[in-house]
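Listed below are the residues making up each chain.
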Amino acid sequence: MWIGIDDTDSPAGMCTTYLGAVLVQRLARKGLRIVGARLVRLNPNVIHKTRGNAAIAIEAAGDPETAFALATACVEELAEFDDEKTNPGVVVASVRPPPEFYYAALRDYCTVDEAVAVLEAAGALYRGYKNRRGLIGATAAIASDFLDLTYELLAYRKRPAWGTPRQVDAASLFRAEEETYPHTWDTVDRENGVVVGVPHTPDPVLFGIRGESPAWVKEARAYVRSEEPACEQVYATNQGTDAHLIPGSIATLREGRSYLVRGTVAQIAATGPGGHVSFLLEDCGVDLRCMAYEPTKGFRGVVRALVPGDVVAAAGSYKGGSLNLEKLGVARLADAARIRPPVCPACKKRMTSAGTGKGYKCRVCGERSLDAETERIERQIEPGWYEVPPTARRHLARPLVRGVPVWEEIVLQSGRE
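Residues numbered from 1 in each chain as written. Predicted model: local features only at pLDDT ≥ 70, side-chain atom pairs only at ≥ 80, totals over all residues. Heavy atoms only, no water.

- Under an unreviewed UniProt entry, the name given to the protein is tRNA(Ile2) 2-agmatinylcytidine synthetase TiaS, and the organism recorded is Methanoculleus chikugoensis.
- Entered under Subcellular location (unreviewed entry) in the UniProt record, the comment concerning the protein runs "Cytoplasm".
- Its UniProt record gives the protein the following Catalytic activity (unreviewed entry) comment, quoted word for word: "cytidine(34) in tRNA(Ile2) + agmatine + ATP + H2O = 2-agmatinylcytidine(34) in tRNA(Ile2) + AMP + 2 phosphate + 2 H(+)". (UniProt positions renumbered as here; feature names shortened; annotations may be inferred.)

### Brief notes about the sheet that holds strand S2 (residues 33-41)
Right, so step 1: What the nine strands build is an open sheet, ordered S5-S4-S1-S3-S2-S11-S6-S10-S7; its pairing is mixed. The open sheet has two free edges, formed respectively by strand S5 (125-128) and strand S7 (184-185), since each of these has just one partner strand.
Right, so step 2: Of the pairings in the sheet, the one linking strand S6 (residues 150-156) to strand S11 (residues 231-237) comprises seven bridges and is antiparallel in character. When the sheet's bridge partners are listed, Thr150 is paired in S11 with Thr237. (Pairing = 2+ DSSP bridges. Helix = DSSP H or I, 4+ residues; strand = E, 2+ residues; numbered from the N terminus.)

### A word on the UniProt feature "domain: TiaS FLD" (unreviewed entry) in the protein
Right, so step 1: Taken from the UniProt record, the annotation "domain: TiaS FLD" (unreviewed entry) applies to residues 133-244.
Right, so step 2: Across residues 133-244, the secondary structure splits into 25% helix and 24% strand, with the terminal C-alpha atoms separated by 20 Å.

### A short note on the UniProt feature "domain: TiaS C-terminal zinc ribbon" (unreviewed entry) in the protein
Right, so step 1: Under the UniProt annotation, the feature "domain: TiaS C-terminal zinc ribbon" (unreviewed entry) is placed at residues 341-381.
Right, so step 2: Spanning residues 341-381, this segment combines 0% helix with 24% strand, and its end C-alpha atoms are found 27 Å apart.

### Here we look at the pattern of salt bridges
Right, so step 1: The tally for this structure, following the rule as stated, stands at 24 salt bridges.
Right, so step 2: Of the charged contacts, one joins Lys327 and Asp242 as a salt bridge, the two residues approaching to 2.6 Å between their closest N and O atoms. Placement of Lys327 in strand S17 (residues 322-332) and of Asp242 in the loop between S11 and strand S12 (245-247) is noted, with a sequence separation of 85 residues between them.
Right, so step 3: By relative accessible area, Lys327 is classed as buried at 3%.
Right, so step 4: Here Glu373 ties to Arg340 by a salt bridge, and the two come within 3.2 Å at their closest N and O atoms. Of this pair, Glu373 sits in strand S22 (residues 373-376) while Arg340 is found in strand S18 (residues 337-340), placing the two residues 33 residues apart along the sequence.
Right, so step 5: In the salt-bridge network here, residues are joined through shared partners; they are Arg340, Arg350, Glu373 and Glu375. (Salt bridge = Lys/Arg side-chain N within 4 Å of Asp/Glu carboxyl O. Buried < 20%, exposed > 50% of the residue type's maximum accessible area, 1.4 Å probe, protein only.)

### What to know about unusual backbone geometry
Right, so step 1: Cis geometry marks the peptide bond from Tyr181 to Pro182, where omega comes out at 10 degrees.
Right, so step 2: Unlike most non-glycine residues, Arg132 shows phi in positive territory, near 70 degrees.
Right, so step 3: For Arg132, the position within the fold is in the loop between S5 and helix H5 (134-142).
Right, so step 4: With relative accessibility at 31%, the residue Arg132 sits in the partly exposed group.
Right, so step 5: Non-glycine residue Lys348 carries a positive phi angle of around 65 degrees.
Right, so step 6: Following the sequence through the fold, Lys348 ends up in the loop between S18 and strand S19 (352-353).
Right, so step 7: Given the relative accessible area of 63%, Lys348 is considered exposed.

### Re the pairing of strand S1 (residues 2-6)
In summary, the side chains of a regular strand alternate between the two faces of the sheet.
Right, so step 1: Burial within S1 is extensive, with five of its five residues counted as buried.
Right, so step 2: Taking every second residue as pointing to the same face, both faces of S1 are buried, with Trp2, Gly4 and Asp6 on one and Ile3 and Ile5 on the other.
Right, so step 3: For S1 and strand S4 (residues 89-93), the ladder comprises five bridges, and the chain directions are antiparallel. Paired with Gly4 across the strands is Val91, a residue of S4.
Right, so step 4: Note: S1 against strand S3 (residues 54-61), four bridges, orientation antiparallel. Bridge pairing in S3 places Ile5 opposite Ile56.

### Quick word on the layout of surface pockets
Right, so step 1: Considering only enclosed or pocket space, the largest pocket measures out at about 1300 Å³ in volume.
Right, so step 2: Together, 49 residues line the largest pocket, and Arg41, Arg51, Gly52, Asn53 and His395 are the ones closest to its centre.
Right, so step 3: If you list the elements that add at least two residues to the lining of the largest pocket, you get helix H1 (16-29), S2, H5, S6, strand S9 (194-195) and strand S10 (205-211).
Right, so step 4: With three residues, the single largest contributor to the lining of the largest pocket is S10.
Right, so step 5: Each residue belonging to the lining of the largest pocket can be placed in one class, and the counts come to 21 nonpolar, 14 polar and 14 charged. (1 Å grid on protein atoms, 1.4 Å probe; cavity = no way out; pocket = protein on both sides within 12 Å on 5 of 7 lines; lining within 4 Å. Points joined across faces, edges and corners; volume = space filled by probe spheres on them. Nonpolar A, V, L, I, M, F, W, Y, C, P; charged D, E, K, R; others polar.)

### Digging into the packing of aromatic side chains
Aromatic ring pairs are reported here in terms of the distance separating the ring centres and the angle at which the planes meet.
Right, so step 1: Scanning the entire structure with this criterion turns up five aromatic pairs.
Right, so step 2: Ring centres of Tyr18 and Trp162 lie 5.3 Å apart, and the angle between their planes is 90 degrees; this geometry places the pair in the edge-to-face category. Of this pair, Tyr18 sits in helix H1 while Trp162 is found in the loop between S6 and helix H6 (170-180), placing the two residues 144 residues apart along the sequence.
Right, so step 3: Tyr18 gets classed as buried once you look at its relative accessible area, which sits at 10%.
Right, so step 4: Directly above the aromatic system of Phe146 lies the positively charged group of Arg38, at a separation of 4.2 Å from the ring centroid. (Phe/Tyr/Trp six-rings, centres within 6.5 Å; stacked < 30°, edge-to-face > 60°. Lys NZ or Arg CZ within 6 Å of the ring centre and 35° of its normal.)

In structure tokens form, the structure reads like this:
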């Protein structure tokens, strides 16, 4: 059977993954055999999410009624019911719902009524609290279909420590990544010297380690020195897989979805207030504003190095008429040149414009020339893929250390033809 839970946390505390870890322990104590646990990230653009829009799914063997009773009791004990935006959902199904619902919740939007219809068709046990919005994520979690997956080990704090500064040795986290990279990633941001795997929110999570297998995240965890955790849980997850991206075209983008699109740079990048960088991407006569926000740090340098005529593939969330960049693939670089007035052959001084259509004139000796000087500019980037740093990476975005999926390479290669 599959047990799904969602929407139990709030910005003030709790974490659905912690509740899932507690439930795993309680199920096991009642004699139910735990087959596996999943951390399922859904559409990152949903406005009702608290933080990372994560739901959990637990696969177990045993009595569904017992599992349902334990799951609802766990939610009623731990969920942040006082927050008006927290609306938990609990589902238990002996037959998994079709994966189409998962993909809809991952890449689009679903309603509570749609979730209930799926649960009724599956003969599931379910309970939604308050406005029951959590039933959407809980249903999507048990319907999840991981064509690609990674793992995350999450360590949780003892209850008396919740809301206090976390005691995790930063040097040990850098050592953990040094010893296990590229099999684990995003524990720290080495380029910017920042710890990534320790949250700053007042929830039960102590730290997290992401990697390619349970063995590797446990290997990295062995290096971490911290306060004593209350418990730990390894989840299989769709994090770091790009499962949220939809291959699209600039003319057909829809608000609140995440896309990979291809186009030609139409306008050189501009830096706006706050250090945010934007440029225009064009395809079939339609322009798209692409944004690299200040938290993406050095990635903005890649965006600034683009020139009109470059052919690129851009991945990110489409919100407010802009594509908020997560990754950029350069398919083909345009020849970049700087046009300047020529140098006078007699005086060795640079000429100035003689007027529209009249060429150039030396102010010293009067020498004239019709031709400008063209200087080829050496490009600062090369064809290939570029990504935001770990500090700015979304949960679902696939880091380049994992390679680039075939379908994304196809989109990029189409721009090299």
